[in-house]
Amino acid sequence: MFFLFCAFLNAQDIKLKTIDLPQTLVIQDFSFLKDELEGIQVVMLGENSHFDGNIFEMKTKLIQYLYQEMGFKTIAFESGIYDVWKAQNKIASGVKPKKAFENSLFSIWSKTEEFQKFVEFYDENKEDLKLFGFDNQITGNYGEKYLTSELYEYCKEYNLPITFKQSDFELLIQSLYNSNYFDEKDISYYQFKTTLTTLLNKIETKQHDDIHFYWYQIIKSILSLGKDKYFKKKEILSPFYVSANDNIRDKQMADNLLAYIKKHPNEKIICWGANSHFVNNMYSINTSILKGFVPMGSYVKKQLLNKVYSLALITAADSINLANKWEETPIDTLSFEYKLKSKNEPIVYISSNQQFMKTKQLNRLFSPIKFVESQLDLLHDGYLFLDTVKKATVIETGFEEIIENKFEESKNKITGRILDFETKTPIPFVNIFINQTDEGAISNVEGYFSLNIKNHAKKDILISALGYEAISYKSETLPKVIYLKTQSTVLDEIVIYGKIDPYTILKKAINSIKKNYPVNSFNITHYSNSNIKIEDSTLLDFEMVSNQYDRGYTNKNRCTQNIQEIKWNIEPKVKPKKIHTFFTYPNPIMNASFLKIKKYKKFIFKIENTIDYNGKEVYVMFFSTNRQHFNYTRRSNLSKYYGTIYINKNDYAVVKIIQNWDWNTSEAPFVLTKMYDNKYWPKKYNMIGYEQETCETTYLKEESGLYFLKSSQTIFLGKIKDVGNKTYNFTQKYSSYWYDIRLKDVERIHFKNETENIDKVKYNSSFWKNYVLPN
């Protein structure tokens, strides 16, 4: 009773510092940190969730204070060491910080509204600030586009050995960050490890200036990433952010940061990342999934001792946003967060250097859902509590940003317009080829173009458009306004077919994608039917008509659509709520790996026939691959991937694609997994397993001369189990048809304004009574 009474008194005796409201807070409100951080070289600013926008804003204010009042000038992000190094160099060369961050940091920060305050701060003080990335992963476009080629350039310049084919190594790196999978089809793990280890040993003999330092740590990071993906760990399904499966990554993140500190012993550094990675000590935690986790922060604390300070930014969130829906996650009344919430203060600071923090308490620092018991002073040195939670706002990328991201050096970029010679009106859908490729230029529906002259100086530029005579320039003489003349005579192409190589056909089809398909935004009407059956009983059957906004077939962003009409052919027991439950917007021209220039040679192709299809002679080609992971199949589960492609002989347009995924393979045996979100299945079903998926997609040439999606049919086959342990066969069938293309006066539908809630659209009997699907 005595000890219980003492514990009760301690629980009431929490010492905290209240801080002003967020909207009136100024950086001087953090002046109490001067004493708390005396003698500190590294401050780790953590966050519980990567989705709380007001936490990003608070971190920015803390960074402003630490910079202005305490001389912290290096910002180290939980983002790729290569990506952030590239960003630092880009900013130094004149690239805007906003653009550099978007191409290097995790998008959970860089592409949110709330992070832009930090971007503005960095832009204003960039001459006095430095960046560093301590993550071993590839986190941005810079890493995806440049890491491999620049590594090979570095090795060539310094006569360092790297024996892999560059193209094979690039695909392996893609598999690591796209599929979380070490693909040994081209490079074995033994080759990978021994070659990169030898390379590290050679670099160690070099004088460690910046370039050698960075490549040494980047290669160590690649090695750790490969090790992490090669040694298959048992998947841990848990409500926690971290587990022992994160240990390889956390150890390398610590190694990267400590190596940087060793090289720059006098720099004062602020780290931006997750609370769980910045934990000092896990000894007080007995939860089985967490106790094996060794965080980055524990290595740093052991090395730097009292020179590092871990400050955890936390909230008392009582709900979590899943798929744009808030789900309740009640706060335990005995928890640390509940005690702070009960103070009714908007912001409070709690130092761990007090008796209250030295007792074990329930907390939700490792999960958005589950509470665990731990000694809080061992986890972090201090805590900053915010009473409210604000979900981060994602920034939608527009066409202007796409152009900016396409061209790295804006000061060397020229833009212009392409007009009809006689009418002086803009020509839509212009093709620009640089030395016979289409890399480096972009044009939009109004006939504008943009060209990166620095990268393409003194090269041949060919400009063409359907129905117009092509014209060529040297890049240095390219005018601002270009006029194209209409063709007076168009000769049919005469082709003599000898021995046909399927890889040559595929390469021509890939190189013709921007010529054959829309690259600019348009609207189109989308009809769809969704049908789901369990055995012979229909569970769901409804039709929709939507107005679809498509950003073009070379844009990475998915299309958006507003549902206009809906008809329920049967009244379901459980109505789905969102359109994305059913449509992944199948468009293999955009995402099929066999249509990527760097991957198609990793597929097996065989010409099966030449036939007449839609009045044109086409090649019918079978494809398959022995690589069963996401980087090639575009499916998260390991699967056997194969199908058929129809390619026009005259213009190499892909007009039909049949894709098959068999998920019950030797590498991925069939399993039923727990259903965490029933979506539209009755609650009596609790386990589901997919066995096969088939998707047939067709394209049709329209009056514009371009090919557009015409139809798509996707069928899933699998098994579902109920709570009584009885198993049933199920079929999901999704059919889509597109018509009524609008290329002018395009209505842009933003992601945030998309009408995707099915239950908000009412049945219109007069519409469906007269509706006929156009041919």
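Remember, predicted model here, so these are calculated numbers, not experimental data.

A short note on the overall build of the protein
Within the protein, the secondary structure is distributed over 22 helices and 30 strands. A burial count over the protein gives 52% of its 775 residues as buried. Long-range contacts, defined here as pairs at least 24 residues apart, represent 71% of the contacts in the protein between residues at least 6 apart. In the form shown here, the protein has an accessible surface area of approximately 36,800 Å², with 50% of it arising from carbon and sulfur atoms.

Focus: the nonpolar core
Counting residues in each nonpolar core, the largest one holds 101 residues, and the members touching the most others are Phe30, Phe118, Phe192 and Leu384. Beyond its immediate sequence surroundings of up to four residues, Phe30 is in contact with Ile19, Leu25, Met58, Lys61, Leu62, Tyr65 and Leu384. Counting 62 residues, the second largest nonpolar core, distinct from the first, contains Tyr652, Trp661, Trp681 and Tyr699.

Concerning the sheet that holds strand 5 (residues 269-272)
Across a sheet, paired strands are connected by hydrogen bonds in the backbone, their directions being either parallel or antiparallel. The mixed open sheet is built from eight strands, whose spatial order is 1-9-12-6-2-5-3-4. Here the strands that pair on one side only, and so sit at the sheet edges, are strand 1 (17-19) and strand 4 (130-135). Across this sheet, the average inter-strand angle for adjacent strands is 25°, counted without regard to direction. Looking at chain direction, strand 2 (residues 42-47) and strand 6 (residues 308-315) are connected through six bridges and run parallel. Its bridge partner lying in strand 6, Val43 is registered against Tyr309. Against the sheet, helix 12 (residues 247-263) engages strand 2, strand 3 (74-80), strand 4 and strand 5, with an angle of about 150° to strand 4.

Details of the confidence of the model for the protein
Across the protein, pLDDT averages 85, with 84% of residues at or above 70. Looking across the protein, the model is least confident in helix 17 (residues 399-406), with a mean pLDDT of 43, and most confident in strand 5, with 98. When the criterion is pLDDT under 50, residues 398-411 qualifies, and its contacts beyond four places in sequence or with other chains add up to 41 contacts. Counting interchain partners and residues more than four positions distant, the pLDDT-below-50 stretch residues 489-498 has three contacts.

Quick look at the pairing of strand 23 (residues 604-613)
Here strand 23 runs beside strand 24 (residues 616-625); their pairing, made up of nine bridges, is antiparallel. Counterpart to Phe605 in the pairing with strand 24 is Phe623. Hairpin remark: strand 23 followed by strand 24, antiparallel, with two residues in the connecting loop; positive phi at Asn614, about 55°.

Focus on the packing of helix 9 (residues 166-178) against helix 11 (residues 210-230)
Running from N to C, helix 9 and helix 11 point in directions that differ by 60°, and their axes come no closer than 10 Å. By the angle between their directions, the pair helix 9 and helix 11 is classed as oblique. Crossing of helix 9 against helix 11: the hand is left-handed. Here Phe169, Ile173 and Leu176 of helix 9 come into contact with helix 11, specifically with Ile222, Leu225, Gly226 and Lys229. Looking at the contact of helix 9 with helix 11, its residues break down into five nonpolar, one polar and one charged.

Some words on the pattern of salt bridges
Within this structure, the stated rule accounts for 27 salt bridges. Between Glu693 and Arg635 there is a salt bridge; the shortest N-O distance is 2.9 Å. Residue Glu693 is located in strand 28 (residues 685-701), and its partner Arg635 is located in the loop between helix 21 (630-633) and strand 25 (640-648); the two are separated by 58 residues in the primary sequence. Taken together, the shared-partner salt bridges in this structure form one network comprising Asp168, Asp183, Asp186, Lys602 and Arg627.

Focus on helix 14 (residues 296-304)
Since the α-helix turns once every 3.6 residues, residues separated by three or four places project in the same direction. Within helix 14, burial applies to Met296, Gly297, Ser298, Val300, Lys301 and Leu304. Turning to helix 14, the residues buried within the fold contact strand 2, strand 4, helix 12 and strand 6. One or two positions beyond helix 14, positive phi appears at Leu305, with a value near 55°.

Here we look at the packing of aromatic side chains
Under the counting rule described, the total for this entry stands at 71 aromatic pairs. Note on Tyr517 and Tyr553: the rings are 6.2 Å apart at their centroids and 35° apart in plane angle, and the pair reads as tilted. Taken together, the residues Tyr517 in the loop between helix 19 (513-516) and strand 20 (522-534) and Tyr553 in the loop between strand 21 (537-550) and strand 22 (560-568) connect sequence positions 36 residues apart. Relative accessible area serves as the criterion here: at 3%, Tyr553 is assigned to the buried category. For the ring pair Tyr517 and Tyr707, a centre distance of 6.0 Å and an interplane angle of 50° mean the geometry is tilted. Within this pair, whereas Tyr517 is found in the loop between helix 19 and strand 20, its partner Tyr707 is found in strand 29 (residues 707-722), the two being separated by 190 residues in sequence. Pair check on accessibility: Tyr517 and Tyr707 agree, each one buried. A connected cluster of aromatic rings, assembled from ring pairs, spans Phe56, Tyr67, Phe77, Phe101, Phe106, Trp109, Phe115, Phe118, Phe121, Tyr122 and Trp272. One Lys or Arg, Lys599, reaches over the ring of Tyr632 and ends 5.9 Å from the middle of that ring. For the cation-ring pair, Lys656 lies above Tyr646, with the distance from its terminal atom to the ring centre recorded as 4.9 Å.

Cut-off values and rules
- Residues numbered from 1 in each chain as written.
- Predicted model: local features only at pLDDT ≥ 70, side-chain atom pairs only at ≥ 80, totals over all residues.
- Heavy atoms only, no water.
- Helix = DSSP H or I, 4+ residues; strand = E, 2+ residues; numbered from the N terminus.
- Buried < 20%, exposed > 50% of the residue type's maximum accessible area, 1.4 Å probe, protein only.
- Contact = heavy atoms within 4.5 Å.
- Areas by Shrake-Rupley, 256 points an atom, 1.4 Å probe, with all protein chains shown as cover.
- Core = buried A, V, L, I, M, F, W, Y, C linked by side-chain atoms within 4.5 Å.
- Pairing = 2+ DSSP bridges.
- Axes fitted to C-alpha atoms, helices over the stretch in contact; angles between N-to-C directions.
- pLDDT = per-residue confidence, 0-100.
- Parallel < 35°, antiparallel > 145°, perpendicular 65-115°, else oblique.
- Left-handed = near helix turned anticlockwise from the far one by under 90°.
- Nonpolar A, V, L, I, M, F, W, Y, C, P; charged D, E, K, R; others polar.
- Salt bridge = Lys/Arg side-chain N within 4 Å of Asp/Glu carboxyl O.
- Phe/Tyr/Trp six-rings, centres within 6.5 Å; stacked < 30°, edge-to-face > 60°.
- Lys NZ or Arg CZ within 6 Å of the ring centre and 35° of its normal.

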